[in-house]
Each structure stands twice: as C-alpha cells, then as structure tokens.
Amino acid sequence: MNTIAEALQTARERGLESLDAQLLIAQAVRRPRSWVLAHGETPLTESQRETLTVHLQRRAEGEPLAYLIGQKEFYGLTLGVSAGVLVPRPDTETLVDWALECLAAAPPQPEVLDLGTGSGAIALALAHACPTARVCAVDMSETALQAARDNAMRLALQVQWLAGDWCSPLGERRFSLIVSNPPYVADRDPHLQALRHEPAQALLAGADGLDAIRTIVSQAPKHMLPQAWLLLEHAHAQAPAVAQLLRGAGFIDVTSRADLSGEPRCTGGHL
Ligand SMILES: C[S@@+](CC[C@H](N)C(=O)[O-])C[C@H]1O[C@@H](n2cnc3c(N)ncnc32)[C@H](O)[C@@H]1O
C-alpha cells in the first residue's frame, strides 16, 4: 500500500464501501475527498500508511466510520463523535422535522427538552434551526454530555446541558415540547452484534426494548405545559405499543411519523 490508488485497492479487497475508503484516506492525508479521487498516484508517507492500515482494518471489522474520522453530519451540522457516544442516525432527522413543525405552532421563545441527548444531535439541530427556542438537554452519561458541550461550543449554539436520570434533574420545570430518541433495543435483539461498538447504555431498554420509553411517558407529563407535545423515536415494530403507552398516560392526537424508508419511527401526542 504505497500510494492512494493502492490504499483504495486494499480497501476494496477488504470489502469496504468506496465512500468510506475515500473518507478514511482523505483524513489520513489531510486533504478533501475530491483531492483524493484526483491524486491516485500520490505516495503515502510512513505514518499515513500506518494510520490507514489500522483504520481500514477497524472499519472492515465493523467499527462505525464516524468513530474513525471523529465526526458525523446531522441535520446540516457537523458533530464530533467518539466511542462512548451514539453515532447520530439520519432516521432521527424525522424527529427533528416533526419537532420543528411543533415549534412553528408554539408560543414565542418555546422551552424545549431533549431527553437522552447523546452527542447533542437533536438539541443542537433544534437550537440551530429555531434560534428563538430555549433548549435544555439531559443525559446520564458524562462522556455523552462532554461530547455535546464540545459540539455546542464549536457550533456556537446555546443549550443548557443537565446530567441525570431522565426527568430527575428538572425540578418543577415545564416545557412546550419534549423530544427523545431513547434506548429502544431489546436486550436480546439479534441486531445487537452489528451495534457492538456503540455504548450499551445508549441502546438497551429491557426485555421488549420499551423500558426507557415507559419511564419517559410516565415522567414527562409533569414537565409539560398545556398543549405541549411529547415526540419519541422508536423501532418501527414498536409504534403501536408506544401509541398505546401514550394514550394510556392521557396523551391525545397520538400519531406516528415514518422515516425516509416509509417505516413508522416516531410517535407523539400532546396533553
Ligand atoms: C439512542 S441514544 C440517543 C442519542 C442522541 N439523542 C441521538 O439521537 O443521537 C440514547 C441516549 O440516552 C442516554 N440515556 C440512557 N439512559 C438514560 C437515563 N436513564 N437518563 C438519561 N439519559 C439516558 C444515553 O446515554 C444515550 O446518550
């Protein structure tokens, strides 16, 4: 693996997607991806070769690209991510779209809460797209909160970050909108093998994957202003169960929204 072209060939042989390989090489040679594509003959230095050998191997073993390059695009923002923090998914942009619709109909300067903020993806996307909103975000992982604070600082966005277990750090505070992409994978879900590089605390939620959602649905009402919405992301097969939990807790106008592949991935209602 002496040149960029040879590195691309090595990546192909290991079964990597070509976009992933290009991004890993671009990071190693500190050039844009477009430059990499046009300079296949460029020799790699010893340290670039060493970095790439490790990164191509780790990617081939399933480590998320975002951990290797240290960043992920979400809702038009570049977020820093590293091991210990869930990689934000494009599916979650459905939740942000719906939240922004709710905020458009909310009173001026709405108070918004993001429960289980991780890298800060949802909170920062809302603060960026709706500058009049006052956004507060909670996570119980100090690693996640540090990543979220760093992202906010780099993006110059204001969010109040709170450490704690779901609504416990909120006191008597009430919000116009509560959003959450909580853990929702069942403890024995066969997909967990593919997610093994991401923190279990961000993924697992009991035997049916609904433990975190049950807790949020039970705690949220006492932190909601009249007419406030609660929007929850979940796995597609969980939509009926989440709708039932919301109706059981007194929420009305309960509906689900589909992601880009047409699967119901968010369910919400208001009081
Ligand atoms: C699925 S991740 C979502 C991260 C981020 N919101 C996103 O969409 O990329 C769930 C997050 O909930 C946090 N979490 C898990 N249990 C929690 C709890 N009891 N209280 C607060 N946060 C919790 C995890 O640390 C993790 O960051």
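This text goes with the structure placed above it.
Residues numbered from 1 in each chain as written. Predicted model: local features only at pLDDT ≥ 70, side-chain atom pairs only at ≥ 80, totals over all residues. Heavy atoms only, no water.

Visitor: I tried to follow the sheet that holds strand S4 (residues 134–139) on my own but got confused; where do I start?
Guide: Across a sheet, paired strands are connected by hydrogen bonds in the backbone, their directions being either parallel or antiparallel. Here we have seven strands laid out as an open sheet, ordered S5-S4-S3-S6-S7-S9-S8, and mixed in their pairing. The two strands at the open ends of the sheet, each matched to only one other strand, are strand S5 (160–163) and strand S8 (252–258). Here the average twist between neighbouring strands, direction ignored, is 15°. For strand S7 (residues 224–233) and strand S9 (residues 264–270), the ladder comprises five bridges, and the chain directions are antiparallel. The residue of S9 that forms the bridge with leucine 232 is threonine 267. Along the sheet face, helix H8 (residues 142–155) touches S4 and S5 and points at about 170° away from the line of S5. The strands that helix H9 (residues 211–219) touches are strand S3 (111–115), strand S6 (175–180) and S7; relative to S7, the one it contacts most, it runs at about 175°. (Pairing = 2+ DSSP bridges. Helix = DSSP H or I, 4+ residues; strand = E, 2+ residues; numbered from the N terminus. Axes fitted to C-alpha atoms, helices over the stretch in contact; angles between N-to-C directions. Contact = heavy atoms within 4.5 Å.)

Visitor: Could you clarify how one ought to interpret the site of the ligand in this entry?
Guide: As a structural note, the neighbourhood of the ligand is formed by 18 residues, with Gly116, Asp139, Asp165, Trp166 and Asn181 the closest of them. At 2.7 Å from a nitrogen atom of the ligand is found a side-chain nitrogen or oxygen belonging to aspartate 165. About the coverage of the ligand: the protein hides 94% of its 600 Å² of free accessible area. (Near = heavy atom within 4 Å. Polar contact = N/O pair within 3.5 Å; in protein donor to acceptor, adjacent residues only side chain to side chain. Areas by Shrake-Rupley, 256 points an atom, 1.4 Å probe, with all protein chains shown as cover.)

Visitor: In this structure, what is going on with the pairing of S3? I would like to understand it.
Guide: Summarising burial for S3: four of the five residues are buried, a large majority. In this structure, S3 lies alongside S4, joined through five bridges in parallel fashion. Each bridged residue has a counterpart across the sheet, and for aspartate 114 the counterpart in S4 is alanine 137. Note that S3 and S6 share four bridges and pair parallel. Within the sheet, the bridge partner assigned to leucine 113 lies in S6 and is isoleucine 178. (Buried < 20%, exposed > 50% of the residue type's maximum accessible area, 1.4 Å probe, protein only.)

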